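The chain contents come next:
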Amino acid sequence: MRIDVYTPLLLSLLLGAVGPRLARFGTPAAAARALTGAAVLTAGATLWALGLLAATLAGEAPSLVARAGGRALPEPVPDTVAVLALCLLAVAVGRIVGAVRTHRATRRTLRRLCEGHPPGTELVVAASPRPRAFAVPGDPGRILVTSAMLAALRPAERRVLLAHERAHLTHRHAFHVHAVTLAAAGNPLLLPVRDAVAYLVERWADEQAAGAVGDRSTTARALARAALVAQGADCVLHFADRAVTRRVAALQTTPPRRLRPVAAAILTLGALAALGAADATGDLLSLLTGGAL
């Protein structure tokens, strides 16, 4: 089997190292979409490549030898590589299952907090001394805010908060975060991409909130105040996060421009990984049918 089967792994390293840096040159929306797409393609290609490597262990089966006209099939990769690929694939599947379970548990918890309110209610206020704000995806989506968070913000800042969380729901940011989380679970080399997308969807929501209220300075102040009172809340989609300093600084500058070449370059990395996996599939099929590589 040729080097193509290892291409997704090599491109995973490249995407993890270069992707988040390229994303800084585009708008948060375009960068988040491009990184999510590239991560999903690369992770899928990586898992498929591991599956192909593991499948070469079947080349020693008598039935496959018989199909080759009694000739022993050439060994495409060393057995140690195939066994290692099988182990990595099993670990990746386990990590993905764990990530799915965690996501579902979080969604169930947030939905339970929103129960008992009329179907058309967008804003749900929970009586709690802990200042928190969440966008709860679903049909319909809800904005869950604690009374402590609302009390800590001024009226204009509350409008920013609601616009921010509404942007999460409108643009389905939970989908992007969940997709790239699963990609990173399947391929840990993509963890920098997961962190970048988590940051970018917050920046995306910041820009949407600034546009909705028409004041970038007020948006920056609301973000800073919410971050201070939240004291480092940790959740997938939340108003205050550890990168708040960068987000506040970004709101104090002009809105970023949309640069299509940046998104195209990021997506190209994912497409190349998929092509490498597809080409390696052809190699394996040719091998198993007795053809030449």
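On a predicted model such as this, the values are computed, not experimentally measured, just so you know.

**Considering the nonpolar core**
Counting residues in hydrophobic clusters, the biggest one holds 30 residues, and the most contacted among them are Leu15, Leu35, Leu190, Val193, Leu200 and Ile266. Among the secondary structure elements, those contributing two or more residues to this core are helix H1 (7–23), helix H2 (28–55), helix H7 (173–186), helix H8 (191–213) and helix H11 (260–288). Examining the composition of this core, we find that nine residues originate from one element, H2, more than from any other. Residues contacting Leu190, with those up to four places away along its chain left out, are Ser12, Leu15, Ala39, Thr42, Ala43, Ala183 and Ala184.

**Topic: the packing of H7 against H8**
The geometry of a pair of packed helices is captured by two quantities: the angle between their axes and the separation between those axes. One way to put it is that H7 packs onto H8 with a least axis distance of 8 Å and a crossing angle of 170°. Put simply, H7 runs roughly antiparallel to H8. From H7, His173, His176, Val177, Val180, Thr181 and Ala184 reach across to H8, where they touch Leu191, Val193, Arg194, Val197, Val201, Trp204 and Ala205. In terms of residue class, the contact of H7 with H8 is built from nine nonpolar, three polar and one charged.

**Some thoughts on the packing of aromatic side chains**
Note on aromatic pairs: each is described by the distance of the centres and the angle between the planes. For the structure on display, the rule yields zero aromatic pairs. Lying over the aromatic face of Tyr199, Arg246 brings its terminal NZ or CZ to 4.0 Å of the ring centre.

**Quick look at the sheet that holds strand S1 (residues 123–126)**
On the basis of which strands lie adjacent, the open sheet formed by three strands has the order S1-S3-S2 and mixed pairing. With one partner strand each, in any of the chains shown, S1 and strand S2 (133–136) form the two edges of the open sheet. Sheet twist, expressed as the mean angle between neighbouring strand axes with direction ignored, is 20°. Relative to strand S3 (residues 142–146), S1 runs parallel, the two sharing four bridges. Pairing of Val125 across the sheet is with Val145, part of S3. The strands touched by helix H4 (residues 79–113) within the sheet are S1, S2 and S3, with S2 carrying the most contacts at an inclination of about 105°. Where helix H6 (residues 155–170) meets the sheet, it contacts S1, S2 and S3, and its direction lies at approximately 30° from that of S2.

**Considering the pattern of salt bridges**
Enumeration according to the criterion identifies seven salt bridges in this entry. Residues Arg225 and Glu157 are paired through a salt bridge, measuring 2.8 Å at the closest nitrogen-oxygen approach. In this pair, Arg225 is assigned in helix H9 (residues 216–230) and Glu157 in helix H6, connecting sequence segments 68 residues apart. Glu157 gets classed as buried once you look at its relative accessible area, which sits at 3%. A salt bridge links Arg247 to Asp206, with the shortest nitrogen-to-oxygen separation between them at 2.7 Å. Of this pair, Arg247 sits in helix H10 (residues 244–251) while Asp206 sits in helix H8, and the two are 41 residues apart along the sequence. For the pair shown, Arg247 and Asp206 are each scored as buried. Within this structure, Glu202, Asp206 and Arg247 form a network of salt bridges that share partners.

What counts, and where the lines are drawn
Residues numbered from 1 in each chain as written. Predicted model: local features only at pLDDT ≥ 70, side-chain atom pairs only at ≥ 80, totals over all residues. Heavy atoms only, no water. Core = buried A, V, L, I, M, F, W, Y, C linked by side-chain atoms within 4.5 Å. Buried < 20%, exposed > 50% of the residue type's maximum accessible area, 1.4 Å probe, protein only. Helix = DSSP H or I, 4+ residues; strand = E, 2+ residues; numbered from the N terminus. Contact = heavy atoms within 4.5 Å. Axes fitted to C-alpha atoms, helices over the stretch in contact; angles between N-to-C directions. Parallel < 35°, antiparallel > 145°, perpendicular 65-115°, else oblique. Nonpolar A, V, L, I, M, F, W, Y, C, P; charged D, E, K, R; others polar. Phe/Tyr/Trp six-rings, centres within 6.5 Å; stacked < 30°, edge-to-face > 60°. Lys NZ or Arg CZ within 6 Å of the ring centre and 35° of its normal. Pairing = 2+ DSSP bridges. Salt bridge = Lys/Arg side-chain N within 4 Å of Asp/Glu carboxyl O.

These figures capture arrangement, not role.
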